[in-house]
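Reading the structure
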Amino acid sequence: MSKRYKTGDIAPAKAWYNWDGYTDGTRRPSPTAEERRIPLETGETFPPIRSCNKGAYWVFSSYRH
């Protein structure tokens, strides 16, 4: 299993990250298509899912160039 990051953690790399569930253990409501995969810069903070204002888990997807 990949390392999971949660809302409030700091991104370790300039990369794309995929949504991997909510911090309250639920998976509903589903995030919007734009919220499911996010680009972050090194040092940026992992965000919540804004459409439902819930904390989220994130996993590394791929590096950004």
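Everything quoted here is computed from the prediction, not taken from an experiment.

Considerations on the overall build of the protein chain
When its secondary structure is counted, the protein chain shows one helix and four strands. When its helices and strands are written in sequence order, the protein chain yields β-β-α-β-β. Whereas a compact globule of 65 residues would reach a radius of gyration of roughly 11 Å, the protein chain reaches 11 Å, a difference of no more than 12%. Its C-alpha atoms give the protein chain principal-axis dimensions of about 30 × 20 × 20 Å. A buried classification covers 31% of the 65 residues belonging to the protein chain. For the protein chain, contacts bridging at least 24 residues in sequence account for 67% of all contacts bridging at least 6. For the protein chain, the accessible surface area stands at approximately 4100 Å², while carbon and sulfur atoms represent 49% of it. In the protein chain, the 11 positive side-chain charges and the 7 negative ones have mean positions that sit 4 Å from each other.

Quick look at the nonpolar core
Of all hydrophobic cores here, the largest spans 13 residues; its most connected members are Tyr17, Trp19, Leu40, Phe46, Ile49 and Trp58. Secondary structure elements with two or more residues in this core: strand 2 (15–22), strand 3 (37–40) and strand 4 (56–63). If you tally residues by element for this core, the top one is strand 2, at four residues. If we skip the residues at most four places from it in the chain, Ile49 touches Trp19, Tyr22, Pro31, Glu35, Lys54, Ala56 and Trp58.

A closer look at the sheet that holds strand 3
Judged by pairing direction, the sheet is antiparallel, and its four strands sit side by side in the order 1-4-2-3 without closing on themselves. Strands at the two margins of the open sheet, each flanked by one partner only, are strand 1 (4–6) and strand 3. The mean inter-strand angle of the sheet, taken between neighbouring strand axes irrespective of direction, is 40°. Sheet topology places strand 2 next to strand 3; four bridges connect them, and they run antiparallel.

As for unusual backbone geometry
Of note, the bond from Arg28 into Pro29 is cis; its omega dihedral lies within 30 degrees of zero at -5°. Of note, Pro29 is situated in the loop between strand 2 and helix 1 (33–36).

What counts and how
Residues numbered from 1 in each chain as written. Predicted model: local features only at pLDDT ≥ 70, side-chain atom pairs only at ≥ 80, totals over all residues. Heavy atoms only, no water. Helix = DSSP H or I, 4+ residues; strand = E, 2+ residues; numbered from the N terminus. Rg over C-alpha atoms; globule rule 2.2 N^0.38 Å. Buried < 20%, exposed > 50% of the residue type's maximum accessible area, 1.4 Å probe, protein only. Contact = heavy atoms within 4.5 Å. Areas by Shrake-Rupley, 256 points an atom, 1.4 Å probe, with all protein chains shown as cover. Lys, Arg positive; Asp, Glu negative; His and termini not counted. Charge placed at Lys NZ, Arg CZ, Asp CG, Glu CD. Core = buried A, V, L, I, M, F, W, Y, C linked by side-chain atoms within 4.5 Å. Pairing = 2+ DSSP bridges. Axes fitted to C-alpha atoms, helices over the stretch in contact; angles between N-to-C directions.

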